[in-house]
Amino acid sequence: MPRRPLGRRTTHLIAATVTATALAVLTACGGGGDDSAAKPTGPVTLTFWGWAKGSKDVVDAFNASHQNIKVNFEEIPSGTAGGYAKISNAVKAGNAPDLVSIEYSSLPEFVSSGALQDIGDEFTEQDRAKLLPQAVQLTTLGGKSWAVPFDAAPQAFFYRKDLFAKYQVAVPTTWDQFRSAAEKVKKADAKARIATFFPDDPTTFEAMAWQAGAQWFKAENDTWKIDTTDAATTKVAAYWQGLLDADLVHKNASFSPEWTGSLKNGTTIGYLGASWGAGVLKGTLPEQSGKWAVAPMPNWDGTPASGMLGGTSFAVTKGSAKKAAAVEFAEWMSTTEAGVKARIASGTSSAFPAATALRPVAKQVFDASYYGGQDIYALFEKSGASIAPGWAWGPTTGTTNTTIKDRFGKITQGGPGITDAIKAGHDATVAELTKRGLKVEG
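All of the points below concern the structure found in this document. None of the values given here were measured: they were computed from a predicted structure. (Residues numbered from 1 in each chain as written. Predicted model: local features only at pLDDT ≥ 70, side-chain atom pairs only at ≥ 80, totals over all residues. Heavy atoms only, no water.)

## What to know about the sheet that holds strand S15 (residues 312-316)
Strand order in the open sheet made by the five strands is S2-S1-S3-S15-S6, with mixed pairing throughout. The open sheet has two edge strands with one neighbour each: strand S2 (69-75) and strand S6 (148-149). Bridge count between strand S3 (residues 99-103) and S15: five bridges; the pairing is antiparallel. The residue of S15 that forms the bridge with leucine 99 is valine 316. (Pairing = 2+ DSSP bridges. Helix = DSSP H or I, 4+ residues; strand = E, 2+ residues; numbered from the N terminus.)

Next comes the structure, spelled out in structure tokens:
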């Protein structure tokens, strides 16, 4: 591909990711399914589970334009909100859907548990050439292809430009400036806060740690090295603990009625999210059109930097006998103009496609009037190019995140804090890897 939107340095990040996850795949994965499935020759009915905005619109558009495949869509909770547990339980029970949405961070765990099929015979090199090479590498584990990448998800800061102007707060470009801005917002309105700490969503904190240069998982030879107490993570944890202790940010569950209500009444005037968040805000707060803008994530030293928060792929479950049809549908969603248009035209999705050639299509279809006509896709391109190198996902994301989420929910002033939660996640991760018979240090 002629462009490298995630930057030259990210190639090293992906290499680290593949090295790390390959160990888990080679030692624990099961695979399954009919690898020799032929291309569908007659009507095939698929079941697809997902939660991404615009999914139903995409399924409807596909069904209206295809006769050989019919897709039945079921919306499930987002992965960390119960979707992954639902998928895992269905696979174990033998009644899983054919195709599922899985974020890049969770793919290694599903692969290592044997829940998915290798789709390399259907998702060919020619098919993969349409997609961002780095995204393809995130779904290539142990030398096999396990999912069709859909999007990338660089971080971004969404803010109420009208209230920033009212309170005379400059949009922060560094984390030091962010704290100063938070203090100014609280001083201007005792009920207002610049942003929210999400106790139910460890992935947001992990993206912050990623941005700062943390490296939680490393695989060297036959050993997993786990380090959640490195300088970068410690810095991020202390920073956010300071914001919480000073009551400079709200503490509400992500996408909860409390969080949404605070956005509606203007007591939360910023959202630290990712590229897909533009569609979330637009769909959640249509009455605030023209009041929001998007900025790069604040950074630590004046140098632009980003982590990746989310990012979706489509995988075929091990029990499906319809792999060819499932991959055909997944590729249509990810690599065709019609698929991308259907999703973004829904008005609720601001997906940043892994298919780089389709990003101009996404930009064209997305109605940016909500953001005052701002070219948010140009900002996402720059944010993607600044994704920090070095981060790798391990094969125990579920264990790690469940433990951290539980401890995040118990954070109180003067009581357990962020550092305690991360340490608990570290210990649970080491215990789980050891239980699986893998060598581990940390």
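What follows continues from the structure just given.
## Considering unusual backbone geometry
For glutamine 168, which is not glycine, the phi dihedral falls at a positive 55°. As for its position among the elements, glutamine 168 is in the loop between helix H7 (161-166) and helix H8 (175-188). Among the residues examined, glutamine 168 registers a relative accessible area of 62% and is labelled exposed. A positive phi angle is found at phenylalanine 255, which is not glycine, with a value near 60°. By secondary structure assignment, the location of phenylalanine 255 is in the loop between strand S12 (250-251) and helix H11 (257-264). (Buried < 20%, exposed > 50% of the residue type's maximum accessible area, 1.4 Å probe, protein only.)

## Let's talk about the packing of helix H9 (residues 202-212) against helix H10 (residues 231-245)
In a pair of packed helices, the angle between the axes and the distance between the axes together describe the arrangement. Viewed as axis vectors pointing N to C, H9 and H10 meet at an angle of 130°, and their least axial separation amounts to 8 Å. The angle between H9 and H10 falls in the class oblique. In this structure, H9 meets H10 at a crossing whose hand is right-handed. Residues Phe205, Met208, Ala209 and Ala212 of H9 form the contact with H10, whose participating residues are Ala232, Thr233, Val236, Ala237 and Trp240. Within the contact of H9 with H10, the residues separate by chemical class into eight nonpolar, one polar and no charged. (Axes fitted to C-alpha atoms, helices over the stretch in contact; angles between N-to-C directions. Parallel < 35°, antiparallel > 145°, perpendicular 65-115°, else oblique. Left-handed = near helix turned anticlockwise from the far one by under 90°. Contact = heavy atoms within 4.5 Å. Nonpolar A, V, L, I, M, F, W, Y, C, P; charged D, E, K, R; others polar.)

## Here we look at the pattern of salt bridges
A side chain of one charge can pair with a side chain of the opposite charge if their charged atoms are brought near each other. Evaluation of the coordinates by the stated rule reveals 19 salt bridges. Here lysine 323 ties to aspartate 121 by a salt bridge, and the two come within 3.1 Å at their closest N and O atoms. Of this pair, lysine 323 sits in helix H13 (residues 323-335) while aspartate 121 sits in the loop between helix H4 (107-112) and helix H5 (125-128), and the two are 202 residues apart along the sequence. Here arginine 128 makes a salt bridge to glutamate 125, at a shortest N to O gap of 2.9 Å. With arginine 128 and glutamate 125 both in helix H5, this residue pair falls three residues apart, about one helical turn. Since its relative accessible area comes to 14%, arginine 128 is described here as buried. Connected via shared salt-bridge partners are Glu109, Glu432 and Arg436. (Salt bridge = Lys/Arg side-chain N within 4 Å of Asp/Glu carboxyl O.)

## Things to note about the pairing of S3
A large share of S3 lies buried, amounting to five of its five residues. Burial along S3 is two-sided: the face carrying Leu99, Ser101 and Glu103 and the face carrying Val100 and Ile102 are both buried. Across two bridges, strand S1 (residues 44-50) lies against S3 in parallel orientation. Residue tryptophan 49 lies in a different strand from S3, and its bridge partner there is valine 100.

## A look at the nonpolar core
Counting residues in hydrophobic clusters, the biggest one holds 116 residues, and the most contacted among them are Ile194, Trp240, Tyr371 and Ile418. If we ignore the near neighbours within four places in the chain, the residues touching isoleucine 194 are Phe157, Phe164, Phe178, Ala181, Ala182, Val185, Leu248, Val249, Ile269, Gly270 and Tyr271. Ranked by size, the runner-up nonpolar core spans 18 residues in total, among them Ala90, Val100, Ile102 and Leu116. (Core = buried A, V, L, I, M, F, W, Y, C linked by side-chain atoms within 4.5 Å.)

## Remarks on H11
Among all positions of H11, only Trp259, Thr260, Ser262 and Leu263 are buried. For H11, the arc enclosing every buried residue in end-on projection is 160°, short of the 170-degree limit, so these residues lie on one face. Set apart from the buried face of H11 by more than 90 degrees, the exposed residues are Pro257 and Glu258. As for H11, its buried residues are in contact with strand S8 (155-160), strand S9 (196-197), strand S13 (270-274), helix H12 (277-284) and strand S14 (292-295). Glycine 266 sits one or two positions beyond H11 and adopts a positive phi of about 80°. (Arc of directions from axis to C-beta.)

## Overview of the side chain of serine 350
Along the chain, serine 350 turns up in the loop between helix H14 (337-344) and strand S16 (352-353). The exposure class of serine 350 is buried, given its relative accessible area of 1%. Side-chain polar atoms of serine 350 contact the backbone nitrogen of glycine 279, separated by 2.9 Å. Aside from chain neighbours lying at most four places away, what touches serine 350 is Ser275, Trp276, Gly277, Ala278, Gly279, Phe366, Tyr377 and Phe380. (Polar contact = N/O pair within 3.5 Å; in protein donor to acceptor, adjacent residues only side chain to side chain.)

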